[in-house]
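Coordinates in review
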Amino acid sequence: MIELLSANQYFFILLTLVSFAIGSLIQKKWKYAILNPLLIGAVLVVLTLSLLGIPNSTYQAGCYLLNYLLTPATICLAISFYEQFQAMKKHIGAILVSLGMGTICCLGSLYLMCRMAGLDRVLTLSLLPKSITTAIGVALSEEIGGIAAITSASIVVTGILANIAGPTLCKLLKIHDPIAQGVSFGTAGHVIGTSRAAEMSELAGAVSSFALTCTGIFTCIVLSLTAQFL
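My aim in this report is to walk through the structure given alongside it, one point at a time. The shown structure was predicted, so the numbers you read here are calculated from the model rather than taken from an experiment.

**What about empty space enclosed by the protein?**
- Scanning all chains against the criterion turns up one cavity of 30 Å³ or more.
- Counted as a void, the largest cavity has a volume near 50 Å³.
- Taken together, T103, C106, L107, L128, S131, T187, T215 and T219 make up the full set of residues lining the largest cavity.
- Sorting the residues of the lining of the largest cavity by element identifies α9 (92–117) and α14 (202–226) as the ones contributing at least two each.
- The element contributing the most residues to the lining of the largest cavity is α9, with three residues.

**What about the environment of I192?**
- Note on placement: I192 falls in helix α13 (residues 178–200).
- Taking relative accessible area as the criterion, I192 reaches 13% and is therefore assigned buried.
- Once the C-alpha coordinates of I192 and S154 are considered, the two residues, 38 residues apart in sequence, prove to be 13 Å apart.

**A short note on unusual backbone geometry**
- The phi torsion at K31 lies on the positive side, around 60°, for a residue other than glycine.
- Residue position: K31 is located in the loop between α2 (9–30) and α3 (37–52).
- For K31, a relative accessible area of 66% corresponds to the exposed category.

**A word on the pattern of salt bridges**
- Counted under the stated rule, the structure contains one salt bridge.
- Between E199 and R196 there is a salt bridge, with its nearest N and O atoms 3.1 Å apart. With a gap of three residues between them, E199 and R196 both fall in helix α13, about one helical turn apart.
- Assessed through its relative accessible area of 12%, R196 is described here as buried.

Conventions and cut-offs
Residues numbered from 1 in each chain as written. Predicted model: local features only at pLDDT ≥ 70, side-chain atom pairs only at ≥ 80, totals over all residues. Heavy atoms only, no water. 1 Å grid on protein atoms, 1.4 Å probe; cavity = no way out; pocket = protein on both sides within 12 Å on 5 of 7 lines; lining within 4 Å. Points joined across faces, edges and corners; volume = space filled by probe spheres on them. Helix = DSSP H or I, 4+ residues; strand = E, 2+ residues; numbered from the N terminus. Buried < 20%, exposed > 50% of the residue type's maximum accessible area, 1.4 Å probe, protein only. Salt bridge = Lys/Arg side-chain N within 4 Å of Asp/Glu carboxyl O.

Shown next, in the form of structure tokens:
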């Protein structure tokens, strides 16, 4: 039975979708930030694979169709940017400066923490793209000599943390402007953070969509130029 399931890619796709749906229902019922659908879905998938004794490599191979949709799904975020472009246009200079500084601070602080923790070069390069979307981060990690699986996991964890803690941090730090919120979520939390920004306001979601795109581009440029020296 397990061999039959392992050979059927539709089982893994169904498992992923059902796990996420269960997570969404749980969050709607109890409405706690920690009950993130992605987090719950990931836990359910891991538990199911562990109980059935199915390796992660088999699961990843079975979900290649879902992985293929990551890039077009990310591109679709440009729709909200287009709809809110007029509201963003007069702040575009401040947004770009904030994105550039946010990218540099993120990469710089993470690199210092990796050095302090004694991580080797490969692990460091694998973690540096953690704040950009998976579609860009995994390819960048492979190009600069990182491990794609570690990069992918760090990107997911980063996005979930941004999705869960972002609204609370905005309240604590009194960040009420939707443009500032959008820049924060898009720069630090990529697509998963952007989904939470879109729930806060349409403008925040649009700015976050623009921010995650620019952050991905800036990160690619910076790491492509500096990776050989790290």
